[in-house]
Amino acid sequence: MTHDNASRIDYRANADASTVVNLTNHSYFNLSGEGSGDIITVLRRNLLDATITGKGGKVYVKHYGFCLETQHFPDSPNQPSFPSTVLRPGEEYQETTVHRFSTQEL
């Protein structure tokens, strides 16, 4: 966490041969405000169907959380019109993801 309550992830990579690089993080955010715990990658496809139980016996159902996955187009290596994700020798891959949320009284 940063001093202003943001989650910041800095990604860096280099390679000694041409390599496809597309790093991401799967951060899940609990929308229910209850029983935070591991929701794992099940949220990724919105498959929460009350079959997963978290801390305190809390059952996870659809829409209890969401995931923001910042990355390049997943199919970039196969699509010539997409931006390249190839990292060549001597180059450095450097990306930053920042998640910052706030609340506002209505």
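The structure we're discussing is the one just above.
Everything in this summary refers to the structure shown in the same document. Predicted, not measured: the structure shown is a model, and the values here were computed from it.

So, how was this worked out
- Residues numbered from 1 in each chain as written.
- Predicted model: local features only at pLDDT ≥ 70, side-chain atom pairs only at ≥ 80, totals over all residues.
- Heavy atoms only, no water.
- Helix = DSSP H or I, 4+ residues; strand = E, 2+ residues; numbered from the N terminus.
- Polar contact = N/O pair within 3.5 Å; in protein donor to acceptor, adjacent residues only side chain to side chain.
- Salt bridge = Lys/Arg side-chain N within 4 Å of Asp/Glu carboxyl O.
- Core = buried A, V, L, I, M, F, W, Y, C linked by side-chain atoms within 4.5 Å.
- Buried < 20%, exposed > 50% of the residue type's maximum accessible area, 1.4 Å probe, protein only.
- Contact = heavy atoms within 4.5 Å.

**Points about the environment of Asp 75**
Moving on, step 1. For Asp 75, the location among the structural elements is in the loop between β6 (65–68) and β7 (86–87).
Moving on, step 2. Along the chain, Asp 75 and Thr 85 lie ten residues apart, while their C-alpha atoms are 9.6 Å from each other.
Moving on, step 3. A polar atom in the side chain of Asp 75 sits 2.8 Å from the side chain of Gln 79.

**Some thoughts on unusual backbone geometry**
Moving on, step 1. One non-glycine residue, Asn 5, adopts positive backbone phi at about 60°.
Moving on, step 2. Considering the arrangement of structural elements, one finds Asn 5 in the segment before β1 (7–14).

**Describing the pattern of salt bridges**
Moving on, step 1. Throughout the structure, instances matching the rule amount to three salt bridges.
Moving on, step 2. Notably, a salt bridge pairs Asp 4 with Arg 100, separated by 3.2 Å at the nearest N-O pair. Of this pair, Asp 4 sits in the segment before β1 while Arg 100 sits in the segment after β8 (92–99), placing them 96 residues apart in sequence.
Moving on, step 3. One salt bridge in this structure joins Asp 10 and Arg 8, with 3.0 Å as the shortest N-O distance.

**Observations concerning the nonpolar core**
Moving on, step 1. Among the nonpolar cores identified, the biggest contains seven residues, and these are Ile 9, Tyr 11, Ala 13, Ala 15, Val 21, Leu 87 and Tyr 93.
Moving on, step 2. In terms of residue count, β1 provides more of this core than any other element does, three residues in total.
Moving on, step 3. Excluding its chain neighbours within four sequence positions, the residues that come into contact with Tyr 11 are Leu 23, Thr 24, Asn 25, Tyr 93, Gln 94, Glu 95 and Thr 97.

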